[in-house]
Amino acid sequence: MKLVRTLFAAAAATAVMALLPLSAQAQVKERTVKFAFQNPKEHPQGMGAQKFADLVAQKSGGKITVKLFPGGTLGGDVQTVSAMQGGTIEMTVLNAGILQSQVKEFAVYDFPFLFNNAQEADAVTDGPFGKGLLQKLEAKNLVGLNYWDLGFRHLSNSRRAINKADDIAGLKIRVIQSPIYIDLFNALGANATPMPFPEVYPALEQKAIDGQENPATVIRANKFNEVQKHLALTKHIYNPQAVIASKKFWDSLSAEEKKILTEAVDAATTYQRGISRTQADQALDELKKSGMQVTELPAAEVEKLRAKVKPVIDKQTAVVGADTVKALNAEIAKVRK
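Residues numbered from 1 in each chain as written. Predicted model: local features only at pLDDT ≥ 70, side-chain atom pairs only at ≥ 80, totals over all residues. Heavy atoms only, no water.

**What about the sheet that holds strand 4 (residues 142–152)?**
Spatial strand order, 2-1-3-10-4: five strands in an open sheet with mixed pairing. Looking along the sheet, the strands with just one partner apiece sit at the ends: strand 2 (64–69) and strand 4. Adjacent strand axes in the sheet meet at a mean angle of 20 degrees when their direction is disregarded. Helix 3 (residues 44–59) rests against strand 1 (31–36), strand 2, strand 3 (91–95), strand 4 and strand 10 (238–246) of the sheet, and its axis sits at about 165 degrees to strand 2. (Pairing = 2+ DSSP bridges. Helix = DSSP H or I, 4+ residues; strand = E, 2+ residues; numbered from the N terminus. Axes fitted to C-alpha atoms, helices over the stretch in contact; angles between N-to-C directions. Contact = heavy atoms within 4.5 Å.)

Structure representation (structure tokens):
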């Protein structure tokens, strides 16, 4: 059956290619694209990457192969971005805020309690603000293509239930290698510990750290529930994910090849966002069934969290630039009208 499906897919790809003008066909060369990311293939991040790979194969008549490297097999996000700038990895998808090390304005996506829901985030990232930030990456030898969904981040730990803002104090929490995450959790009284994603599970298992913070889909896909008992639905940050390509690789593509990849990314974006948001609720249910103790802070305690992190927002606004933050808040205000 697998052979039949493979032959059918090859025949379909050939048929699609035959529909292209000869001049366009000539612009499409045999090539392999390495696409690296941190989560397993079963996670919405991996499912989006697979959809992208399938679409590229179809649109290119099988000439362009997207090879997936899930689970951080080629290194953490910081290493991957560096490899892309050198041209040894062609593509990745990662939390957009991580790109602040390349373009400082990307830090705004990591501002705590910024978006009320995913629809607000879509409106901002799909609009002139989001596209403008992606364009700034070209000066850093990267090409921004679109934004996927990772979802709202929550806090897990192995020591105690989080029922109020002060319960976070004293916990050693793994955070993304990003200044705002470090400042954020230190402001909440935790001991923020930056760490590449592939190292998180063993660190939790060995109790080198008490906890970590990620969306429910990431916690489920990476089986953090095996080494974490408590999950607090803090929704402290919403993560849009940037799909980016190596500029060295992108500049080597013909106009037709760029069109194929751009159209595939756009179609995969719609699919990925949908599957990610559907799975967020499913993941939470599964984590509860697995034995995780899930808590949700009362509104008054969330306001305490907001008050604690305000100095972090003020500090990061000075770093990012007041004009950028003002422009972002104006976009959000438009959506909320």
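From this point, the discussion proceeds with the structure in view.
**Examining the layout of surface pockets**
Gaps left between atoms show up when a probe the size of a water molecule is rolled over them. Reported here for the largest pocket is a volume of approximately 370 Å³. As for the largest pocket, its lining consists of 18 residues, of which Phe-152, His-154, Lys-235, Ala-280 and Asp-281 are closest to the centre. Those elements that place two or more of their residues in the lining of the largest pocket are strand 4, helix 9 (216–221) and helix 11 (255–289). Top contributing element to the lining of the largest pocket by residue count: helix 11, with five residues. Partitioned by chemical class, the residues of the lining of the largest pocket number nine nonpolar, four polar and five charged. Within this model, the second largest pocket holds a volume of roughly 200 Å³. For the lining of the second largest pocket, a count of residues per class yields six nonpolar, two polar and three charged. (1 Å grid on protein atoms, 1.4 Å probe; cavity = no way out; pocket = protein on both sides within 12 Å on 5 of 7 lines; lining within 4 Å. Points joined across faces, edges and corners; volume = space filled by probe spheres on them. Nonpolar A, V, L, I, M, F, W, Y, C, P; charged D, E, K, R; others polar.)

**Notes on helix 11**
Helix length check: helix 11, at 35 residues, gives a terminal C-alpha distance of 50 Å against a target of 51 Å (1.5 Å per residue), a fit within 8%. The largest bend in helix 11 is about 30 degrees, located at Ala-280. Downstream of helix 11 by a residue or two, Gly-291 has a phi angle that is positive, lying close to 115 degrees. (Expected span 1.5 Å × (residues − 1). Bend = angle between axes of the 7 residues up to and from the residue.)

**What about unusual backbone geometry?**
Positive phi outside glycine occurs at Lys-207, with the angle close to 60 degrees. With respect to the element layout, Lys-207 can be found in the loop between helix 8 (200–205) and strand 8 (211–214). Within the chain, Lys-223 stands out as a residue other than glycine whose phi angle is a positive 60 degrees. Tracing the backbone shows Lys-223 in the loop between helix 9 and strand 9 (230–232). What makes Lys-223 partly exposed here is its relative accessible area of 47%. (Buried < 20%, exposed > 50% of the residue type's maximum accessible area, 1.4 Å probe, protein only.)

**A short note on the environment of Ile-219**
With respect to the helices and strands, the residue Ile-219 is situated in helix 9. A relative accessible area of 0% means that Ile-219 is categorised as buried. C-alpha of Ile-219 to C-alpha of Leu-287: the two residues are 68 residues apart in sequence and 8.3 Å apart in space. Contacts of Ile-219, omitting those with residues within four sequence positions, involve Gln-212, Asn-214, Phe-224, Asn-225, Leu-231, Leu-287 and Met-292.

**Here's the deal with empty space enclosed by the protein**
Counted by the stated rule, this structure contains two cavities of 30 Å³ or more. In this structure, the largest cavity spans a volume of roughly 190 Å³. At the level of elements, helix 4 (77–86) and strand 3 are the ones that each hand at least two residues to the lining of the largest cavity. Per-class residue counts for the lining of the largest cavity are nine nonpolar, seven polar and three charged. Of the pockets and cavities examined, the second largest cavity occupies roughly 30 Å³. Lining of the second largest cavity is provided by Ile-168, Phe-185, Leu-188, Thr-234, His-236 and Leu-305.

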